[in-house]
Amino acid sequence: MTINYLGSISANDLPATFTKFFVEPVSVGFPSPANDYLESPIDLNQYLIKNGAATFLVRVSGDSMLDANIADQAILIVDRSLKPKHGSIVVASLDGDFVCKRLQLKPRLCLLPENPKYKPIYIQHGQDLDIMGTVTAAINKFE
Amino acid sequence: MKLLALVDCDNFYASCERVFRPDLKKTPIVVLSNNDGCVIARSKEAKAMGIKMGVPWFQVKEAYLAQGGKVFSSNFALYGDLSKRVMNILDGMVKRIEIYSIDEAFLDLQHIQNKNQAYEFGVYCRNTIRQWVGIPVRIGIAPTKTLTKVASHIAKNTNDGTGVCCLNKQKDIFHILQALPIREIWGIGHNLSKQLNQLGIYSAYELAQMDIRFIRKKFSVVLERTVRELRGEPCIQIDDHSEPKKQIVVSRSFRDRIESLSELKALISNFAVRAGEKLRHEKQKCSQVSVFISTSRFNKKLQYRGFDSFQFPCPIDDTRSILMGANKVLNTIFKHGYPYAKAGILLSQFSHPAFIQKSLFEATDQLRLKQDANLMQTIDELNSIHTQIYYASQCSGGLSPIQKKMVSPKYTTNWWELPTTK
């Protein structure tokens, strides 16, 4: 397993109650030698969201997508500007309810769960299906 | 020919309520004002049921719900967020944009050469907003702002489903203006349209044909601009830097009727505190504070409206001064024995803090002024992070007992209210 060092978290990311202790000016001899190398802290939004105006967050309820690493209560990043393809994970509204499934376009339109406990949903004539957007990432929280 | 576009969201608040409720795709939707008083937005289906704009909710409630309509309290956190998304997308498409209201924007289409391109741009714009945010819009394209309003009006009423109308041929424009009553024209109110009717002017075309000098002499330069714009001559420019506010109003309708002066005083104090925060947020100072109180317009027996103003000797932004002024006004306009249903406070006569004329008779102790400004800033900061610092005359519970019984979740601005999959 390789580990990449991505950068450090700056004091600005700490909760407000903590920053008071670190950010106040401290009068000692040297200015920090790091001052010339300050970079903005890593921003998760930048990593997770490409098109902010078209991106919505959706909470998952249930374990039907567990094998795609989407656990119960995960937060989905849904980009409405990306055209869903065969095999995309999507959030769709099916007969008025939001569902998260893998989209199958061929041979037959179908929403596939990623958990053997659940059956594929074949879209029947007269059913109302709208794809809301493509899921670009899922955030599972462990603690 | 230079073209402009007006992008206007269809039934905006009602459309917002639908974005995360696909089950309500075809259900009639109405949205109510603060305190669930009146209908302030209606979906197409609710309009078709005959629900009128501004109608008191209690008058239509029973019949509307019986026919399967759905009702929401207003959810401005949601509408504000979706509006911002729509405006961001439009901003990315053109060089200049004027955000005209929460659901309308004017675009400068200077990069577009001909009518076909303009129409295609309109369709692209509409499809993008529909797909990316889920809000339906209609688009009026024309050489002047006033004509884009006309075009938007037509886009709404055509049934070809495109929601885009492009008016750029003089012949087409005149044809449409002939069928357009003057009261439908942007900027022409009820009184003005009556006056024009008396002169025998009924259609927008007739107005456009009027002699400019006559209009300017008999009416105003404002109407002259409207006439020129109807002829396709741009007079009202796209304004892409919004002007600072000219007044601040904080007002509420009460759920229960209020008769006592002390209760009213406490509520007005809450409005004054909120107004003061807004004033300082805008970095303005005001010279006048006004207070109004009124009984319900549905209580025909006991009707009273009180309104008066207090003038400060020099511009202020200190909440304590606003409270003092508001209290003085309230004491003079208050009458015993009336069930008050609505009240509010209005700050006006703004001047920028940097250009304040010092009053001859006012103490201008610089240290004192600095301390007062610091105090206000500190209180604003504390109150913005949930600590509540109250002024003695306020009552607890914030602005007023706002009643929002049927408000939808803050789907896009609160971690605990996100839409959820089944």
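Scroll up to find the structure.
Below is a summary of the structure that appears in this document. (Residues numbered from 1 in each chain as written. Chains lettered and ligands numbered in written order. Predicted model: local features only at pLDDT ≥ 70, side-chain atom pairs only at ≥ 80, totals over all residues. Heavy atoms only, no water.)

## Observations concerning the overall build of chain B
Point 1. The number of helices and strands found in chain B is 14 helices and 12 strands.
Point 2. Each principal axis of the C-alpha distribution contributes one length, and for chain B these read about 65 × 60 × 50 Å.
Point 3. The buried share among the 422 residues of chain B stands at 47%.
Point 4. Across chain B, every contact between residues at least 6 apart in sequence was considered, and the portion connecting residues at least 24 apart equals 68%.
Point 5. Between the averaged position of the 59 positive side-chain charges in chain B and that of its 39 negative side-chain charges there is a distance of 4 Å. (Helix = DSSP H or I, 4+ residues; strand = E, 2+ residues; numbered from the N terminus. Buried < 20%, exposed > 50% of the residue type's maximum accessible area, 1.4 Å probe, protein only. Contact = heavy atoms within 4.5 Å. Lys, Arg positive; Asp, Glu negative; His and termini not counted. Charge placed at Lys NZ, Arg CZ, Asp CG, Glu CD.)

## Regarding the interface of chain B and chain A
As a measure of interface size, the accessible area lost when the parts come together is often cited.
Point 1. Facing 22 residues of chain B, the contacting portion of chain A comprises 23 residues.
Point 2. Across the interface of chain B and chain A, roughly 2,100 Å² is buried in total on both sides, 57% from carbon and sulfur atoms.
Point 3. For the chain B face of the interface with chain A, the top three residues by lost area are W132(B), T421(B) and K422(B), together amounting to 31%.
Point 4. Between chain B and chain A we count 3 salt bridges in total.
Point 5. Residue K422(B) is joined to D97(A) by a salt bridge in which the shortest nitrogen-to-oxygen separation is 3.7 Å.
Point 6. Counting across the interface, chain B meets chain A through 12 residue pairs in polar contact (both at pLDDT 80 or more). (Buried area = accessible area lost by both parts, 1.4 Å probe. Salt bridge = Lys/Arg side-chain N within 4 Å of Asp/Glu carboxyl O. Polar contact = N/O pair within 3.5 Å; in protein donor to acceptor, adjacent residues only side chain to side chain.)

## Things to note about helix α14 (residues 366-384) of chain B
All names here are of chain B.
Point 1. A rise of 1.5 Å per residue sets the reference length of α14, with its 19 residues, at 27 Å; its end C-alpha atoms lie 27 Å apart and thus fit the reference within 8%.
Point 2. The set of residues buried in α14 consists of D372, M376, I379 and N383. Taken down its axis, α14 places every buried residue within 65 degrees of arc, on the same side. Opposite its buried face, α14 presents the exposed residues L367, K370 and S384, each directed more than 90 degrees away.
Point 3. Looking at the buried side of α14, the elements it contacts are α12 (261-281) and α13 (319-333). (Expected span 1.5 Å × (residues − 1). Arc of directions from axis to C-beta.)

## Concerning the side chain of D81(B)
Point 1. As for its position among the elements, D81(B) is in helix α4 (residues 76-93).
Point 2. Beyond its immediate stretch of four places on either side in the chain, D81(B) contacts T412(B) and T413(B).

## A word on the packing of helix α1 (residues 12-19) of chain B against α4(B)
Axes are the key here: two packed helices are described by the angle between their axes and the distance separating the axes.
Residues and elements named next belong to chain B.
Point 1. The N-to-C vectors of α1 and α4 enclose an angle of 95 degrees; their axes lie 10 Å apart at closest approach. Judged by the inter-axis angle, α1 sits roughly perpendicular to α4. Residue-level contacts link F12, Y13, C16, E17 and V19 of α1 to F76, L78, Y79, L82 and S83 of α4.
Point 2. Its residues assigned to classes, the contact of α1 with α4 shows 8 nonpolar, 1 polar and 1 charged. (Axes fitted to C-alpha atoms, helices over the stretch in contact; angles between N-to-C directions. Parallel < 35°, antiparallel > 145°, perpendicular 65-115°, else oblique. Nonpolar A, V, L, I, M, F, W, Y, C, P; charged D, E, K, R; others polar.)

## Comments concerning the packing of helix α6 (residues 145-157) of chain B against helix α7 (residues 170-178) of chain B
Residue and element names in this part refer to chain B.
Point 1. The N-to-C vectors of α6 and α7 enclose an angle of 70 degrees; their axes lie 12 Å apart at closest approach. If you check the angle between α6 and α7, you find them roughly perpendicular. Between α6 and α7 the crossing geometry is left-handed. Along the contact surface, α6 presents L147, V150 and I154, while α7 presents I173, I176 and L177.
Point 2. Looking at the contact of α6 with α7 residue by residue, the classes come out as 6 nonpolar, no polar and no charged. (Left-handed = near helix turned anticlockwise from the far one by under 90°.)

## Concerning the packing of aromatic side chains
Residue and element names in this part refer to chain B.
Point 1. For the structure shown, the criterion picks out 16 aromatic pairs over all chains.
Point 2. Relative to Y79, the ring of F76 has its centre 5.5 Å away and its plane inclined at 80 degrees; by these criteria the two rings are edge-to-face. Placement of both F76 and Y79 in helix α4 is noted, with a separation of 3 residues, approximately one turn of the helix.
Point 3. Among the residues examined, F76 registers a relative accessible area of 38% and is labelled partly exposed.
Point 4. The buried category is assigned to Y79, whose relative accessible area is 0%.
Point 5. In this structure an aromatic cluster arises from ring pairing among F12, Y13, F76 and Y79.
Point 6. The ring of F72 carries the charged tip of K70 above its face, separated from the ring centre by 5.5 Å. (Phe/Tyr/Trp six-rings, centres within 6.5 Å; stacked < 30°, edge-to-face > 60°. Lys NZ or Arg CZ within 6 Å of the ring centre and 35° of its normal.)

The values are spatial; any link to function lies outside them.
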